[in-house]
Amino acid sequence: MSLDHDLHDDRILILDFGSQYTQLIARRVRELGVYCEIYPWDADFDRIAGFLPKGIILSGGPESTLEGEAPELDLRVLDLEVPILGICYGMQTLAKQLGGKVENVGKSEFGYAMVRCHGHTDLLRDIQDHVTAEGHGMLDVWMSHGDRVAEMPPGFKLMCSSDSAPIAGMADESRRIYGLQFHPEVTHTRKGGEILGRFVHEICGCASDWVPENIVDYSVQKLREQIGDGHVILGLSGGVDSSVVAALLHRAIGDQLTCIFVDNGLLRYREGDQVMATFAEHMGVKVIRIDAEQRFLDALEGVTDPERKRKIIGNLFIEIFEEEAKKHNDAAFLAQGTIYPDVIESAGASTGKAHLIKSHHNVGGLPEHMKLELVEPLRELFKDEVRRVGLELGLPHEMVYRHPFPGPGLGVRILGEVKKEYADLLRLADHIFIDELWKHELYEKTSQAFTVFLPVKSVGVTGDGRRYDYVVALRAVETIDFMTARWAHLPYEFLDHVSRRIMNEIDGIARVVYDISGKPPATIEWE
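Residues numbered from 1 in each chain as written. Predicted model: local features only at pLDDT ≥ 70, side-chain atom pairs only at ≥ 80, totals over all residues. Heavy atoms only, no water.

Side note on the packing of aromatic side chains
The condition is simple: Pairing of aromatic side chains here covers Phe, Tyr and the six-membered ring of Trp, requires ring centres within 6.5 Å, and sorts the geometry by plane angle: under 30 degrees stacked, over 60 edge-to-face, intermediate tilted. Only DSSP runs of H or I reaching four residues or more are called helices, and only runs of E reaching two or more are called strands; each is numbered from the N terminus. Exposure classes here rest on a 1.4 Å probe applied to the protein chains alone. A residue is buried below 20% of its type maximum, exposed above 50%, and partly exposed in between.
Under the criterion given, the structure shown has 12 aromatic pairs. Ring geometry for Y422 versus F453: centroids 4.6 Å apart, planes at 25°, classification stacked. One end of the pair, Y422, is in helix α13 (residues 420-439); the other, F453, is in strand β18 (residues 448-462), with 31 residues separating them in the sequence. Of the two residues, Y422 and F453, neither departs from the other in class, the shared state being buried. A network of ring pairs unites the aromatic residues F17, W41 and Y89 as a single cluster.

Here's what the structure looks like:
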């Protein structure tokens, strides 16, 4: 599909008041085919105005509008005369700043609630989950708040109410300003997508142009404009992000791209061969494979501390990558798999305004003297969008939807010192586990699954003989954001089958255990 306008022309701005759901709001808007960005609540007004949004969404947040220095909306935003939707805290600050009242009744509301729609506003008209005997439209929603609006500002009318929040929604339709006490962005609000769709499409007038096919076409065009006839190098890891970057660049510039794939001996079963087959053989991408297994094993000899292992592996990657990059003196560009959450986290780190953020350096310290211009074609995309773009580009489903794999690879899934013997045993055991997850249609029902090598031996029995071999642990978790996780309740019969396969087929493993630790208090990875 070719567009006669910029893919970003119809855009929504989300002002972040610190909610844990802010990125989820953005992802929901993107899923509706509308481009959006997240700015902090106190971004400069000129920056907000310069974004030229078709509408603005105010997120929830952990603060109380009743506190002395509570975050507030710059009311000059109203002068932009674009529709505004305040969610939770966003509604409360609108109410307070525009002349209404917010109160705390000493009781918080978290979880499922039922709200009754009133007033037939443009936002909620004909959207309902069920109808009462009296004919009232009702919505099943998710609440998460301590304060509530006690009195609406002048010009607003009641949009919906619940038993615990008599003003659960309000609207000033003359100015197209709406407020919802509940969270339409979470899946627990069953009609949430429909409500957000009504806001961005009908009230803000945004088209549904932000779709994988258009994103690919737009990205290819922009890459050709940036790179011209220059040469690009890319560190290809086999992970989702770098794989999609490689496919996108190959479509845009063909043989002007050179990928460098470092096989450090700490990859998954036959991963190096799979990467080469996918990109070099099937797609015709130029990939240089560096066999560096012995170099990594030598550097890790005798090292048991997880952080030291991570640093050694990371620094050695950079060292090898720099050595290879020097062989391509005609290269003017370095491609990276930076994605939009990385950009948000880095922005938060630089302003100091975000909670629980990390500074992001995708390559991890490439020397300044390399003088390569960065190419980051995924920096506007969330991970789920990256995956959809990967499928659009023809990458295999199992590559696009593979579970996260740590940068240091098996180096941090082998507890203690890393040895080739341990890596080889772990690779085989992990392959059996993942293979069976796919066969039993459980792989995509877990968020991350892998095997851990324990550097201890356990007594076992084979036939009539005694064996004394190593132990591996299976780990599988379910999570949405990887900040918290629940151990996956895999069927006992499945675990029994995997355990028997590992011990019967791999000489050197005498015991298999299953990790039932949640996060917190444990982490997902063991090191």
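A look at the layout of surface pockets
For clarity, the threshold we go by: Residues are said to line a cavity or pocket when one of their atoms sits within 4 Å of a point; the points come from a 1 Å grid over protein atoms alone, cavities being sets where a 1.4 Å probe fits but cannot get out and pockets being open sets with protein on both sides within 12 Å along at least five of seven lines. Grid points are joined across faces, edges and corners, and a volume is the space filled by probe spheres set on the points. Amino acid classes used here: Ala, Val, Leu, Ile, Met, Phe, Trp, Tyr, Cys and Pro are nonpolar; Asp, Glu, Lys and Arg are charged; the rest, including Gly, are polar.
The computed volume of the second largest pocket comes to approximately 500 Å³. Taken together, 20 residues form the lining of the second largest pocket, with Q274, E398, R402, I434 and W438 sitting closest to its centre. When residues of the lining of the second largest pocket are traced back to their parent elements, those giving at least two are α7 (271-282), α12 (397-400), α13 and β18. Looking at the lining of the second largest pocket element by element, the count peaks at 5 residues for α13. Broken down by class, the residue content of the lining of the second largest pocket amounts to 10 nonpolar, 4 polar and 6 charged.

A short note on the sheet that holds strand β17 (residues 373-375)
What counts is decided by this rule: Strands pair, by our definition, only if DSSP identifies at least two bridges between them. An axis is simply a line fitted to the C-alpha atoms; with a helix, the fit covers only the stretch in contact. Between two such axes, the angle follows the N-to-C directions and lies from 0 to 180 degrees. Contact definition: two residues touch when any of their heavy atoms are within 4.5 Å.
Taken in spatial order, the 5 strands make up an open sheet running β15-β14-β13-β16-β17, and their pairing is parallel. The two strands at the open ends of the sheet, each matched to only one other strand, are β15 (286-291) and β17. Direction aside, neighbouring strands of the sheet carry axes that sit 30° apart on average. With 6 bridges joining them, strand β14 (residues 257-263) and β15 adopt parallel strand pairing. In the sheet register, T258 faces β15, and the bridge partner there is K286. Most of the contacts of α7 go to β15, to which it runs at about 165°, and overall it touches β14 and β15.

Points about unusual backbone geometry
Of note, the amide linkage connecting K519 to P520 takes the cis form, showing an omega dihedral of -10°. Structurally, P520 is set in the segment after β21 (509-514). A cis amide bond links P520 with the next residue in sequence, P521, at an omega value of 10°. Along the chain, P521 turns up in the segment after β21. Although it is not a glycine, R270 adopts a positive phi angle of roughly 55°. Residue position: R270 is located in the loop between β14 and α7.

Examining the packing of helix α5 (residues 212-227) against helix α11 (residues 383-392)
As a reminder, the rule being used: An angle below 35 degrees is treated as roughly parallel, one above 145 as roughly antiparallel, one from 65 to 115 as roughly perpendicular, and anything else as oblique.
Where α5 contacts α11, the two axes come as close as 9 Å, and the packing angle between them is 80°. In terms of axis orientation, α5 runs roughly perpendicular to α11. Along its contact with α5, which presents P212, E213, I215 and V216, the element α11 presents R388, V389 and E392. Residue classes in the contact of α5 with α11 are distributed as 4 nonpolar, no polar and 3 charged.

Focus on empty space enclosed by the protein
Counted by the stated rule, this structure contains 1 cavity of 30 Å³ or more. Estimates place the volume of the largest cavity at around 30 Å³. Along its surface, the largest cavity is lined by H5, D6, L7, D9, D10, G33, V34, Y35, A207, D209 and W210. Tallied by class, residues from the lining of the largest cavity come to 5 nonpolar, 2 polar and 4 charged.

A look at the pairing of strand β13 (residues 231-235)
Taken residue by residue, a regular strand's side chains alternate between the two faces of the sheet. Let me state the cut-off plainly: By convention, a crossover is right-handed whenever its connection, traced from the first strand over the helix to the second and viewed with the strands pointing away, goes clockwise.
With 4 of 5 residues buried, β13 is to be regarded as a mostly interior element. Two elements, β13 and strand β16 (residues 331-335), share 4 bridges in a ladder whose sense is parallel. Residue pairing across strands places H231 opposite A331, the latter belonging to β16. Relative to β14, β13 runs parallel, the two sharing 4 bridges. Bridge pairing in β14 places V232 opposite L257. In this region the chain leaves β13, passes through helix α6 (residues 240-253) and returns to the parallel neighbour β14; the handedness of that crossover is right-handed.

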